[in-house]
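Chain by chain, the residues:
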Amino acid sequence: MNTFGHLFRVTTFGESHGPAIGCVIDGCPPGIAICAEEFARDLDRRATGKTRHTSARREADEVEILSGVYEGLTTGTPIALLVRNTDQRSKDYGTIARQFRPGHADYAYWHKYGLRDPRGGGRSSARETTMRVAAAVIAKKWLAQRHGVTVRGCMTQIGDVVPRGHDWSVVEDNPFFWPCAAQVPELESYMDALRKSGDSVGAKLVAVADGVPPGWGEPVYGKLDGELAAAMMSINAVKGVEIGDGFASVAQKGTQHRDVMTPGGFLSNHAGGVLGGISTGQQVLVSVAFKPTSSLRLAVEGVDVDGNVVDIVTTGRHDPCVGIRATPICEAMLALVLMDQALRHRAQCGDVGAVSPRIPG
């Protein structure tokens, strides 16, 4: 499955070190104004090589619109987007072409397909997420214009470091998407030491959507929170997803966790904006946990394709923490799920209209 979504469908293709990566977006409504330049901001936010804290690989990430747009407007036909790879360095992977890197997808891919592309992880590379971010540029624009929905995200933990405050206005002003400006120098030192040691660390991010109306989602198999969890888990290196309070709900009493409703609004949002698989009109909140990067230059004993014990050292350009540039990716998956759900709601329940009472989120 390389296609995501039901009505708003995104199919991605390409490998980390192939000539190009791309996607085809099917089911996009016609009449959305879009041009190639509009993809630049979010792709730049996701890109490597911007700071010393990410992989040194530098890609132009210039989007070519091949179809589905005429005179600046989407036509309702499939939109094909292409990004050419310009900074591959495949020779870095020559020594591990017949080895299985621990914690990586090498061994699983080998048993799935009987062969694999070792260059940068091939299809399992985070390079693939570039096209998810590109597709979500269209989704974010439509959601904002049609429903007033805004999507944003930030990092809420790296290693054992957590924010000492939360200010959305500073998130875009530092390379970590960190919500506490006073801690950025601390994170710089933390990452410098980590990179020097050759090790890596995990991270936790949050993505939120404001302005989501009540009613999006399905009651059983198409639950909004279920599809959000699946979408986030489809991102490389993700090992955990929480909706609202998530696992913290285990320690809460029912009297604390229930989100009491009043005519003036909800008194809390422990559920993360979803009840019974359907949006409540509150902020939709998803937290995502990323594992530490598995490609390390520190030697470790492993196994090759012949079953022999070998010393494995991963060279090349890698992120000491993949979570550093994952904020726009999590935002993208949240936006793609919401647009798909919005179109599905319109298709089935568009005639329902406004229902009272409408409790403020």
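These numbers come from a predicted model, not from an experiment. (Residues numbered from 1 in each chain as written. Predicted model: local features only at pLDDT ≥ 70, side-chain atom pairs only at ≥ 80, totals over all residues. Heavy atoms only, no water.)

## Details of the nonpolar core
What counts, and what does not: Joining through side-chain atoms within 4.5 Å is the link that ties buried Ala, Val, Leu, Ile, Met, Phe, Trp, Tyr and Cys residues into a set, and such a set is a nonpolar core. Throughout this description, buried means an accessible area under 20% of the type-specific maximum (1.4 Å probe, protein chains only), exposed means over 50%, and partly exposed covers the range between. Put simply, DSSP marks the helices as runs of H or I at least four residues long and the strands as runs of E at least two long, and each gets a number from the N terminus on. We call two residues in contact whenever any of their non-hydrogen atoms come within 4.5 Å of each other.
With 71 residues, the main nonpolar core has Ile25, Ile158 and Leu338 as its most contacted residues. Residue contributions to this core peak at 12 residues, all from helix H7 (residues 327-349). When neighbours within four sequence positions are excluded, Ile25 is seen to be in contact with Phe8, Arg9, Val10, Thr77, Pro78, Ile79, Leu81, Ala135 and Ile138. By size, the runner-up hydrophobic cluster in this structure holds five residues, among which are Val171, Phe177, Val206 and Val208.

## Considerations on unusual backbone geometry
Following Ser356, the chain continues to Pro357 via a peptide bond in cis, the omega torsion being -5°. For Pro357, the location among the structural elements is in the segment after H7. Despite not being glycine, Glu71 has its phi angle at roughly 50°, a positive value.

## Brief notes about the pairing of strand S18 (residues 309-312)
Test applied: For two strands to be treated as a pair, DSSP must find no fewer than two bridges joining them.
Here S18 shows a clear split, with Val310 and Ile312 buried on one side and none of Val309 and Asp311 buried on the other. What sits between strand S17 (residues 300-304) and S18 in their antiparallel hairpin is a turn of four residues, with Gly307 showing a positive phi close to 85°.

## A word on the environment of Lys140
Note that Lys140 resides in helix H3 (residues 129-147). Not counting the four nearest positions on each side in its chain, Lys140 is found in contact with Asp42, Arg45, Glu331 and Ala335.

## With respect to the pairing of strand S3 (residues 20-26)
Regular strands place side chains that alternate from one sheet face to the opposite one. Buried residues dominate S3, accounting for five of its seven residues. Sheet analysis places strand S2 (residues 9-14) next to S3, joined by six bridges and oriented antiparallel. If you follow Val10 over to S3, its bridge partner there is Ile25. Between the antiparallel neighbours S2 and S3 lie five residues. Of the strand pairs in this sheet, S3 and strand S7 (residues 79-84) are connected by six bridges, and their pairing is antiparallel. Within the sheet, the bridge partner assigned to Gly22 lies in S7 and is Leu82.

## Observations concerning the sheet that holds strand S8 (residues 99-100)
Taken together, the three strands give an open sheet; going across it, the order is S8-S17-S18, and neighbouring strands pair in antiparallel fashion. The outermost strands of the open sheet, each flanked by one partner alone, are S8 and S18. Here S17 pairs with S18 via four bridges, running antiparallel. Residue Glu301 lies in a different strand from S18, and its bridge partner there is Asp311.

## Side note on the pattern of salt bridges
As a reminder of what qualifies: Just to be clear on terms, a salt bridge is a Lys or Arg side-chain nitrogen sitting within 4 Å of an Asp or Glu carboxyl oxygen.
In the structure shown here, the tally under the stated rule is 21 salt bridges. Arg116 serves as the salt-bridge partner of Asp106, at 3.5 Å between the closest nitrogen and oxygen. Of this pair, Asp106 sits in helix H2 (residues 106-113) while Arg116 sits in the loop between H2 and H3, placing them 10 residues apart in sequence. Each of the salt bridges in this network shares a partner with another, and the network as a whole consists of Arg41, Asp42, Arg45, Lys140, Glu172 and Glu331.

## Digging into the packing of H3 against H7
What counts, and what does not: For every element, the axis is a line fit to its C-alpha atoms; helices are fit only across the contacting stretch, and the angle between N-to-C directions ranges from 0 to 180 degrees. For classification purposes, angles smaller than 35 degrees are called roughly parallel, those larger than 145 roughly antiparallel, those between 65 and 115 roughly perpendicular, and all remaining angles oblique. Should the near helix be turned anticlockwise from the far one by less than a right angle, the crossing is left-handed, and should it be turned clockwise, the crossing is right-handed. In this count, Pro and Cys sit with the nonpolar residues alongside Ala, Val, Leu, Ile, Met, Phe, Trp and Tyr, while Asp, Glu, Lys and Arg are called charged and the others, Gly among them, polar.
Their axes nearest at 8 Å, the elements H3 and H7 cross at an angle of 50°. Relative to H7, the element H3 is oriented oblique. Relative to H7, H3 is oriented so that their crossing is left-handed. In this structure, H3 contributes Thr129, Arg132, Val133, Ala135, Ala136, Ala139, Lys140, Trp142, Leu143, Arg146 and His147 to the contact, and H7 contributes Pro328, Ile329, Glu331, Ala332, Met333, Ala335, Leu336, Leu338, Met339, Ala342, Leu343 and Arg346. Grouping the amino acids of the contact of H3 with H7 by side-chain chemistry returns 16 nonpolar, two polar and five charged.

Everything listed is a geometric property; what it means functionally is a separate question.
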